[in-house]
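So the chains spell out like this:
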Amino acid sequence: VKIAMIGLTNPEAPTLVAPGATGSIRITDPVQAAQKARAAAKREGASVFVAFGHLGVTGQDATGAATGPLVDFAQAVDGFDVIVGDHTDRQFEATINGALVTENLSAGKTYSATTLVVEPAKAKVVAKSVEFVRPVVSGITPDPVIAAKIADYRRQLQAKLDAPIGIATNVLPRSGERVGEAAIGNVTTDALRTAYGTQIAFTNGGGLRSPLPSSYAPADTTLRRTTGGYAAGPPYDLVLGDAYTLLPFGNNTLTRTVTGAQLWATLEHSVGSIPAANGKFLQISGFRFSYDATRTAGSRVTALTLDDGTAIANDPTVSITATTNDFTNSGGDGYTMLADGQGVTRDLMANVVADYLEAVGSVSPTLDGRITRIG
């Protein structure tokens, strides 16, 4: 029995990586691509068809039914036995269009064991199921050669990354940064604005990948951390490794001016996917804005002011100094209105945040009404 394994990426992939990073690869509609690949595989003798897509469940409708790119894809294709999704950290299982559709939790929290029973004589799937398994390390003997290499790498990293940089009065969670104001976003953007003395700062929520403290494991177990084996908190001790875990992509800070019209367009794009979570949602500093989620995307922003209350008009003649990151400024996450060639590249973003944490000494998980959703 020949089984076709068909891999698909998400349509927005070109906007999620550095502009130009896809080279000559052309990202097309996943439904059309899947059907074309299935037809080609069938001509080569495949009779069982499995699709793997970087497509996930993002929410549910009024009836409680799952919604999102994975569901849309499964409803639109024909002739697949299994469709495996990803990308949104959801655990999901359903039968859609005759296909077993499943998505698994991210970061190794669980894995999905999917079973197909095929009748060889007819080359036909007669049963299919999925079991979500939570992995454990008990009973597993580490490979001594690999363990020794990891230990050496850890020693080298700890010499650099265990340096204390500050205190968090409580956990600054990585949560909500893709749909609204988040404490982790406030600290990060305050660091960017403070470093260069600009009027405002903003960064995409999808670039913030960890809470503070993070999962980084310092060698000093007397430090107050959130994981087992360390002293209890709160408050918690922060080290340089936390900054690199929060911002692991190696993005650089960048200063520039934006017009009032550019900033309004930028914020419209930021809130355009609400109520769905999206990594393009901006975390901000130095200004405040409100938006009405019941309005049509593209016309949702209702008010925009600097922290001192000065209104920022939707006007191309208004100029504001800003700090952001090089990914967003080059059009990443769809911010094409910023890709005008402006900006001066400054420093590694993680280092800027680390310096800020060391300078202020202590940070708290606070919100102060920078972003207000109406409706």
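Further up the page is the structure itself.
Residues numbered from 1 in each chain as written. Predicted model: local features only at pLDDT ≥ 70, side-chain atom pairs only at ≥ 80, totals over all residues. Heavy atoms only, no water.

## Considering the overall build of the protein chain
- A tally of regular secondary structure across the protein chain gives nine helices and 20 strands.
- Once the C-alpha set of the protein chain is aligned to its principal axes, its extents read approximately 75 × 55 × 40 Å.
- Across the 375 residues that make up the protein chain, the buried fraction comes to 41%.
- Relative to all contacts within the protein chain whose residues are 6 or more apart in sequence, the contacts with residues 24 or more apart total 69%.
- Summed over its atoms, the accessible surface of the protein chain is roughly 18200 Å², and 54% of this surface lies on carbon and sulfur atoms.
- Averaging the positions of the 30 positive and the 34 negative side-chain charges in the protein chain gives two centres separated by 6 Å. (Helix = DSSP H or I, 4+ residues; strand = E, 2+ residues; numbered from the N terminus. Buried < 20%, exposed > 50% of the residue type's maximum accessible area, 1.4 Å probe, protein only. Contact = heavy atoms within 4.5 Å. Areas by Shrake-Rupley, 256 points an atom, 1.4 Å probe, with all protein chains shown as cover. Lys, Arg positive; Asp, Glu negative; His and termini not counted. Charge placed at Lys NZ, Arg CZ, Asp CG, Glu CD.)

## Focus: helix 7 (residues 260-270)
- Burial runs high along helix 7: eight of the 11 residues are buried.
- For helix 7, the complete set of buried residues consists of Gly 260, Gln 262, Leu 263, Trp 264, Thr 266, Leu 267, Glu 268 and Ser 270.
- In the core, the buried residues of helix 7 are packed alongside strand 11 (200-204), strand 13 (252-259), strand 14 (282-285), strand 15 (287-292), strand 16 (301-306) and strand 17 (319-325).

## Focus: the environment of Pro 69
- Tracing the chain through its elements places Pro 69 in helix 3 (residues 69-76).
- What makes Pro 69 partly exposed here is its relative accessible area of 37%.
- Leave out the neighbours within four places in its chain, and Pro 69 touches Leu 55, Gly 56 and Thr 58.

## What to know about the sheet that holds strand 15
- If you trace the three strands from one edge of the open sheet to the other, you get 16-15-20, paired in mixed fashion. Edge positions in the open sheet fall to strand 16 and strand 20 (371-374), since each of these has one partner strand only. Adjacent strand axes in the sheet meet at a mean angle of 10° when their direction is disregarded.
- Here helix 7 sits on the sheet in contact with strand 15 and strand 16, set at roughly 125° to strand 16. (Pairing = 2+ DSSP bridges. Axes fitted to C-alpha atoms, helices over the stretch in contact; angles between N-to-C directions.)

## Quick look at the sheet that holds strand 19 (residues 362-363)
- The three strands are arranged 12-10-19 in an open sheet whose pairing can be described as mixed. The open sheet terminates on both sides in strands that have one partner only, identified here as strand 12 (236-239) and strand 19.
- Here strand 10 (residues 164-168) pairs with strand 12 via four bridges, running antiparallel. Directly across from Ile 167, in strand 12, lies its bridge partner Asp 237.
- Lying on the sheet, helix 9 (residues 349-360) is in contact with strand 10, strand 12 and strand 19; it crosses strand 10 at an angle near 65°.

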